[in-house]
Amino acid sequence: MTAAIKRPGWVRGALGMVLAAAFGFGLVVALRAISGLPIFQTEQTGYPHVVVPLVTGPLGFLAGFGCFDYWLRWAAGMPTIPDDHSQHGAKSWRDYFRFNTDHKVIGIQYICTNFFFFFVSGLLAMLIRAELAQPGTQIVDAATFNGLFSTHAAIMIFVFIVPIFAGIANYVLPLMIGAPDMAFPRLNALSFWMLPIAGLMFIGSFLVPGGAFDAGWTGYAPLSTGAPLGQSFFNLGVQFAGASSIATALNFLVTIITMRAPGMTFWRMPLLVWANLSTSLLVVAATPFIAGAQFMVLFDRLLGTQFFQFAGGGDVISYQHIFWFYSHPAVYIMLLPGFGIISEVISTHARKPIFGYRLMALALIGIVVLSYSVWAHHMFVAGMFSWLRVPMMITTLLIAVPTGIKIFSWLGTLYFGKIHTYSTAMLFSLAFIVTFTVGGISGVMLGMVPLDIHVSDTYFIVAHIHFVLFGGSVFTIFAGIYHWFPKMTGRMYDEKLGRVHFWGTVVGTWGTFLPMHWVGMDGMPRRVADYAEQFGNWNLLISVFAFMLGAVQLVFLYNMIVSWRFGPRAGSNPWRANSIEWQVSSPPPIFNFDEIPRVVGGPYEFGVPGARHAIMAGDGAEVAKPDPTVVGQA
Amino acid sequence: MMGRLPIAKMLAATVALTAVISAVMLPISWNGQQASTAAAKIDTLLDVMIVISAFVFALVVVVLIYALWKFKAKPGDESDGEPIHGNTRLEVAWTLIPTIIVLFGAGYSWSVLNDIEEPTKDPLTVDVFSQQYAWSFGYPGKGNAYSQGELHVPLDRQVHFKMHSLDVIHSFWVPEWRIKKDNVPGITTTAIVTPDKAGAYQLICTELCGFGHAAMRAKVVVEPPAEFRRWVAGLKQKVPPPYMETIRQNTETDPIPLGAGGA
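Residues numbered from 1 in each chain as written. Chains lettered and ligands numbered in written order. Predicted model: local features only at pLDDT ≥ 70, side-chain atom pairs only at ≥ 80, totals over all residues.

Attention shifts here to the domain arrangement of chain B. All names here are of chain B. Looking at the assigned domains, one finds that chain B contains domain 1 (2–69 + 90–116) and domain 2 (124–252). A straight line from the C-alpha centre of domain 1 to that of domain 2 covers 37 Å. A class-by-class count of the residues in the side of domain 1 that touches domain 2 yields four nonpolar, six polar and no charged. (Domains from an automatic or database assignment. Nonpolar A, V, L, I, M, F, W, Y, C, P; charged D, E, K, R; others polar.)

Okay, structure coming up:
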């Protein structure tokens, strides 16, 4: 027992959490007692004796679990535990539940955790659709309903879509650029372990007085500043997810800039690497804005600040400006890595170089720059200065141009190729092109102020965001998971089940989200538990498709679990791809490469006689002697 | 390389598909009944966008389906495609043409926006008060007459709605008018509407405002001026003093009424 308490792990983590939470609780109680205040403040926006432990508890868990061990020992002048690589690799499933600094283990930890939250949040969506299947109130009351869609969106965005791209890239990106690991492995592990905390906070808010946070994932003030305790769980969950996201983005930036293998110039990087470079640039600059916005709401709730309290001289609309300054770029944070995945999959399965590679990379950078200038298109009817609408409309419509470039370039990649559609990853990539085009088109419509005035805050918005985030992001996530499943697990998945999942998902997505455009334009507002009779039939249809869409995800789950355990062994390169991760075994060796590869050409040179992307160890006499100092200087 | 593609046939197929989609979609009045001067203009903009969007969608679908039909690998074929890395002319084209299209869309939208928010000489001003979960209305030109849950406005006269929220953000939407504006605590926002069709409509709150959000509705009646005058004259209540205080205290973000073109 003593040993368990001394050793980093779950026991010490639980102990750390309890002690730190008790410290936070004691601090609040003691300070209030000294100040002569009532010990417990239970106004709905108060509860400092809950909120403070909610900060200290998770930090105590992270410390106990071992996330800070190396740094703390070093800071305290104690002998650091030498990195004997015992924390690398996973020998059994138990190793995935430990603090591990191996980027491949962390990648899988991310993906599995994110899918856990995907299914939880999917269940919330099923409840939402069950309630909306008929007009009137059947299953949940209006207050609970508001909690359902708020947590559904928060979980899907902050602990599924945003981080799962970090998870996929965590696994794949160091391999792709020929690096042995990420630049900061301990920071990488810390980033991961902050995520489940955020997710559990979102879910945990259902259990507190007043119920889950119910001001929407947008949490507009002053509805959020006056909301019950659950809102504080959202404010703090976003901090953990945001910190995780920022730390990972820094890690990717440093890894991509400094750890590319010799010869991997920027213009030889696979587009997935370009995509993650762009995404990371967005995350490090934009995410602090939502963290700040949520802290300001928390302070308004708890400390009596007046950021967004109109009665105290605060400005209500400034919340929306700060929030959307992150949350619009966030849409691209949720799309650009997916663009990268699609480029890899389409080029490989069309057996052809990416059409217009440089323009593809530049389009990503163009999106990064433009996406900082479009946030107020979420606020055309918000009552902000009206002159701001037209400039924001122009930038919003212009951002369709680099996005269009990507669509056309993928189509160009297919022409004169040899297109193979046996892989579910390729199917999802092709469906993504069509579905995402619809989301892009409705986005252009929403960018036009007069149309937006009518459909803003209606089901048209719900339709648009799901075409973009489900037909866009989630399709690319599935494409990525299917594409790299053999690399990650060393097994092949079942393509027949993959096809069932694919067709079910495509039909479910279109059936669920397409009619939402119509009911929205015709007068159904979003975020309502009840609606007019006239929309009854459409909503019933939407719900039926939604249930199908939900059910078919179980096929995916089954396929992944069973194939991981029993699937046929995968070779190192089942898709005959060029990039470096496919030139090592599946799964790759613990340190990725026996010798750092040397990059001699572009990543998509299909059909070019004699072209190579990288020379691996054992490829022949040309291989340079491994020189460890080269890593990090490339 | 381009010469080997049936460009004319693909273009014809795209145009044909565009025509089919447009023919199906244009006759439907997606936005519902039109009851303000803005409605027809916004719906025309929508129709133009439907045709442009149908073309873009058709282009993507036709090009994709043709590629899948023509360039699909035979089973067992392990050879690679042709090593084409790009085509500068094509890439410039699909950068410039969409830019021109979206700039056209922006210009057109801007002109529609100016059009629908153009103030007229003799507008009627109506105060809108929103609170969880009810609407009420004041008529400053009529001695601050006050009505709860029911809004009356005269036919064919521009109305300037001055929006005031007493608690959280609400949003004022009458779908038939195509006009929406948030009611923001602390500031007064403005919406301009010229109702041009008599009848009864529904005012819907479209900004999440709490558990009663879905039920936060009010009745809107558009009637000939004489009937409107009779109805206002029949209102017994005046706008309550705290509400008048709210109007006084609120700042107006847009002293010049909306007008992207300015006044």
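Still more to cover.
As a further point, take the sheet that holds strand β8 (residues 187–193) of chain B. In sheet architecture, strand pairing relies on hydrogen bonds along the backbone and comes in two forms, parallel and antiparallel. All names here are of chain B. An order of β3-β2-β1-β5-β8-β11 is seen for the six strands of this open sheet, with the pairing classed as mixed. The sheet is open, and its two borders are formed by β3 (145–148) and β11 (251–252), each paired with just one other strand. In the sheet, strand β1 (residues 124–131) pairs with strand β2 (residues 134–139) via five bridges, with the strands oriented antiparallel. When the sheet's bridge partners are listed, S130 is paired in β2 with W135. (Pairing = 2+ DSSP bridges. Helix = DSSP H or I, 4+ residues; strand = E, 2+ residues; numbered from the N terminus.)

So, about helix α7 (residues 185–204) of chain A. With 20 residues, α7(A) extends 29 Å from end C-alpha to end C-alpha; this agrees with the ideal 28 Å at 1.5 Å per step. Within α7(A), 14 of the 20 residues are buried, which leaves it mostly tucked inside the rest of the structure. (Expected span 1.5 Å × (residues − 1). Buried ≥ 20, exposed ≤ 12 C-beta atoms within 10 Å, placed from the backbone.)

This paragraph deals with the domain arrangement of chain A. All names here are of chain A. Domain annotation of chain A identifies domain 1 (2–75) and domain 2 (100–566). Relative placement of domain 1 and domain 2: their C-alpha centres are 32 Å apart. The element that contributes the greatest number of residues to the side of domain 1 that touches domain 2 is helix α3 (residues 48–65), accounting for eight residues. Partitioning the side of domain 1 that touches domain 2 into residue classes produces 11 nonpolar, three polar and no charged.

Moving on: the environment of M448(A). Positionally, M448(A) belongs in the loop between α15 (424–447) and α16 (449–455). Sequence-wise, M448(A) and T396(A) are 52 residues apart; in three dimensions their C-alpha atoms are separated by 8.6 Å. Look past the residues within four positions of M448(A) in its chain and what remains in contact with it is M393(A), L45(B), G105(B) and S109(B). (Contact = placed C-beta atoms within 7 Å.)

Right, let's get into the interface of chain A and chain B. Each side of the interface is counted separately: chain A has 78 residues, and chain B has 71 residues. For the side of chain A that touches chain B, the elements supplying multiple residues, two or more each, are α6 (142–176), α10 (316–333), α12 (357–371), α13 (389–398), α14 (400–414), α15, α16 and α18 (495–521) of chain A. Broken down by element, the residue count for the side of chain A that touches chain B peaks at nine residues, all from α14(A). A class-by-class count of the residues in the side of chain A that touches chain B yields 53 nonpolar, 16 polar and nine charged.

Okay, helix α9 (residues 271–302) of chain A next. In an α-helix, one turn spans 3.6 residues; hence positions three or four apart end up facing the same way. All names here are of chain A. The first and last C-alpha atoms of α9 sit 45 Å apart over 32 residues, in line with the 46 Å expected at 1.5 Å per residue. V284 marks where α9 bends most, by close to 35°; the proline P288 follows one to four residues later. Counted residue by residue, α9 has 24 buried out of 32 residues, so it is predominantly covered. A positive phi of about 75° marks G304, the residue just after α9. (Bend = angle between axes of the 7 residues up to and from the residue.)

So, about unusual backbone geometry. In the segment running from A221(A) into P222(A), the intervening peptide bond is cis, with an omega of 0°. The residue P222(A) is located in the loop between α7 and α8 (230–258) in this model. The step from S586(A) to P587(A) runs through a cis peptide bond, and the omega angle for that step is -15°. Tracing the sequence through the fold places P587(A) in the loop between α19 (536–566) and β1 (598–599). With a phi close to 60°, D457(A) is a non-glycine residue in the positive phi region. Note that D457(A) resides in the loop between α16 and α17 (459–489). C-beta crowding within 10 Å serves as the criterion here: with 23 such atoms nearby, D457(A) is assigned to the buried category. Here the phi dihedral of R178(B) falls at roughly 65°; this positive angle occurs in a residue that is not glycine. Inspection of the secondary structure puts R178(B) in the loop between β6 (170–174) and β7 (179–183).

Take the packing of α9(A) against α12(A) next. Residue and element names in this part refer to chain A. Two numbers describe how α9 lies on α12: the axes approach to 10 Å, and their chain directions differ by 10°. Here α9 lies roughly parallel to α12, going by the angle between them. Along the contact surface, α9 presents L271, W274, A275, S278, L281 and L282, while α12 presents M360, A361, L364, I365, I367, V368 and S371. Here the residues of the contact of α9 with α12 sort into 11 nonpolar, two polar and no charged. (Axes fitted to C-alpha atoms, helices over the stretch in contact; angles between N-to-C directions. Parallel < 35°, antiparallel > 145°, perpendicular 65-115°, else oblique.)

Looking now at the sheet that holds strand β4 (residues 150–154) of chain B. Residue and element names in this part refer to chain B. Pairing within the open sheet is mixed, and its five strands lie in the order β4-β10-β9-β6-β7. The sheet is open, and its two borders are formed by β4 and β7, each paired with just one other strand. On average, adjacent strands in this sheet sit at an angle of 25° to one another, irrespective of strand direction. Together, β4 and β10 (217–223) form the strand contacts of helix α4 (residues 225–233), whose direction differs from that of β4 by roughly 140°.

Turning our eyes to something else, we now look at the pairing of β4(B). All names here are of chain B. Of all five residues that make up β4, four are buried, and the element is covered over most of its length. Both β4 and β10 contribute to a ladder of five bridges, which runs parallel. Across the sheet, residue V153 finds its bridge partner in β10, namely V222.

Moving on, we get to the nonpolar core. Residues and elements named next belong to chain A. Ranked by internal contacts, the top residues of the largest apolar core, which has 275 residues, are I177, A198, F428 and A479. Here this core takes 22 residues from α6, the largest share from any one element. Apart from the residues within four sequence positions on either side, F428 is in contact with F475, F478, A479, Y482 and F502. (Core = buried A, V, L, I, M, F, W, Y, C linked by C-beta atoms within 7 Å.)

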